[in-house]
Amino acid sequence: RGGHREAWKLGRQRAGDFTESGIVDAMIGRSVADGQADYIHGFADRLVSGFYGEGDDFKVSLARNHANLYLKQTRGTANEAFTQSSPDEAEFDWTLGGTEKHCSDCPYYATLNPWKKDEIVTNPGQGETPCLSNCKCHWARADGVTSFKPVDLN
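In this text, all values refer to a predicted model and were calculated from it rather than measured experimentally. (Residues numbered from 1 in each chain as written. Predicted model: local features only at pLDDT ≥ 70, side-chain atom pairs only at ≥ 80, totals over all residues. Heavy atoms only, no water.)

Student: Where do I start with the overall build of the protein in this structure?
Tutor: Within the protein, the secondary structure is distributed over four helices and three strands. Referenced to the eigenvectors of the C-alpha coordinate spread, the extents of the protein come out at roughly 55 × 40 × 20 Å. Buried positions account for 36% of the 154 residues belonging to the protein. The long-range fraction of contacts in the protein, counting pairs at least 24 apart against all pairs at least 6 apart in sequence, stands at 65%. (Helix = DSSP H or I, 4+ residues; strand = E, 2+ residues; numbered from the N terminus. Buried < 20%, exposed > 50% of the residue type's maximum accessible area, 1.4 Å probe, protein only. Contact = heavy atoms within 4.5 Å.)

Now the structure itself:
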């Protein structure tokens with residue numbers, strides 16, 4: 001919850017909204033985190049059940065990759081806050097990441113540029129494209145301000 005709350009605050013600040021953090025940020029953080037609860041519980045169950053192995057056979061890389069998917073989704077929250085906190089008349093370009101092998105959705109979204117905020121159906125990193133939260137795309141607002149780009153967590 002705290003991670004998504006902070007991500008929302010950072011996203012709206014990137015858009016130019018520097019109001020104090022408050023109940024709205026907290027409520028959005030809680031809502032996003034609650035929407036992820038089933039996935040987080042599934043991850044915890046896989047850890048406890050031995051899905052990733054045990055002892056010397058523990059698959060650290062696989063477990064880390066799965067854990068990082070949840071961390072990376074905070075970027076999607078920040079990017080949603082960026083678009084939603086931008087001026088109503090703002091236009092955005094879905095900007096493809098430079099080097100990854102693109103999923104089927106991201107290049108399609110880029111062909112629909114420019115976007116108005118009330119037309120946006122998802123955000124880079126939000127986990128709603130086939131590349132999940134591994135998406136390397138970002139928004140570029142017409143005034144040159146960009147949303148959050150991914151960072152390497154490995």
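On we go from here.
Student: Got a minute to help me understand the packing of helix H2 (residues 23-49) against helix H3 (residues 60-85) in this structure?
Tutor: Helix-helix packing is characterised by the crossing angle of the two axes and by the distance between the axes. Two numbers describe how H2 lies on H3: the axes approach to 11 Å, and their chain directions differ by 175 degrees. In terms of their interaxial angle, H2 and H3 are classed as roughly antiparallel. Only Ala 63, His 66, Ala 67, Tyr 70, Gln 73 and Thr 77 of H3 make contact with H2, whose side of the interface consists of Val 32, Gln 36, Tyr 39, Ile 40, Phe 43 and Arg 46. (Axes fitted to C-alpha atoms, helices over the stretch in contact; angles between N-to-C directions. Parallel < 35°, antiparallel > 145°, perpendicular 65-115°, else oblique.)

Student: Even after reading the chapter, I still don't get the environment of Ser 31, so can you show me in this structure?
Tutor: Considering the arrangement of structural elements, one finds Ser 31 in helix H2. Residue classification places Ser 31 among the partly exposed positions, given a relative accessible area of 49%. C-alpha separation for the pair Ser 31 and Thr 77, spaced 46 residues apart in sequence, amounts to 11 Å.

Student: Just to check I follow, could you spell out the packing of helix H1 (residues 2-15) against H3 for this structure?
Tutor: Between H1 and H3, whose axes approach to 7 Å, the crossing angle comes to 35 degrees. Taken as a pair, H1 and H3 cross one another with a handedness that is right-handed. For the pair H1 and H3, contact is made by Gly 3, His 4, Ala 7, Trp 8, Gly 11, Arg 12, Arg 14 and Ala 15 and by Gln 73, Thr 74, Thr 77, Ala 78, Glu 80, Ala 81, Phe 82, Gln 84 and Ser 85, respectively. Of the residues contributing to the contact of H1 with H3, the split by class is six nonpolar, eight polar and three charged. (Left-handed = near helix turned anticlockwise from the far one by under 90°. Nonpolar A, V, L, I, M, F, W, Y, C, P; charged D, E, K, R; others polar.)

Student: What exactly am I supposed to notice about the sheet that holds strand S3 (residues 138-141) here?
Tutor: The strands that make up a sheet are held in pairs by hydrogen bonds between backbone atoms, and each pair lies either parallel or antiparallel. Overall, antiparallel pairing links the three strands, which are arranged S2-S1-S3 in an open sheet. Each edge of the open sheet is held by one strand with a lone partner, namely strand S2 (115-116) and S3. Each of strand S1 (91-95) and S3 is contacted by H3, which is oriented at about 20 degrees to S3, the strand it contacts most. (Pairing = 2+ DSSP bridges.)

Student: Looking at this structure, I do not really get the nonpolar core. What am I missing?
Tutor: Side chains of a nonpolar character, in soluble globular proteins, are inclined to be buried together. With 15 residues, the main nonpolar core has Phe 92, Trp 94, Cys 106, Trp 115, Cys 135 and Trp 139 as its most contacted residues. Elements represented by at least two residues in this core include exactly S1 and helix H4 (105-111). A total of three residues in this core trace back to one element, the largest contributor, which is H4. (Core = buried A, V, L, I, M, F, W, Y, C linked by side-chain atoms within 4.5 Å.)

Student: In this structure, what is going on with the packing of aromatic side chains? I would like to understand it.
Tutor: Each pair of aromatic rings is reported with the distance of its centres and the angle of its planes. Counting across every chain of the model gives 11 aromatic pairs. Look at Phe 92 and Trp 139: their rings are 5.9 Å apart centre to centre, the planes differ by 65 degrees, and that puts the pair in the edge-to-face class. Here Phe 92, found in strand S1, pairs with Trp 139, found in strand S3; they are 47 residues apart in sequence, far enough to count as distant. Across the pair, exposure class does not vary: Phe 92 and Trp 139 are buried alike. With centroids separated by 5.0 Å and ring planes inclined at 55 degrees, the aromatic side chains of Trp 94 and Tyr 109 adopt a geometry described as tilted. Of the two residues, Trp 94 sits in strand S1 while Tyr 109 sits in helix H4, which places them 15 residues apart along the sequence. Of the two residues, Trp 94 and Tyr 109, both sit in the buried class. Taken together, Phe 82, Phe 92, Trp 94, Tyr 108, Tyr 109, Trp 115 and Trp 139 form an aromatic cluster joined through their ring pairs. We note Arg 14 situated over the ring of Phe 148; from NZ or CZ to the ring centre the distance is 3.9 Å. (Phe/Tyr/Trp six-rings, centres within 6.5 Å; stacked < 30°, edge-to-face > 60°. Lys NZ or Arg CZ within 6 Å of the ring centre and 35° of its normal.)

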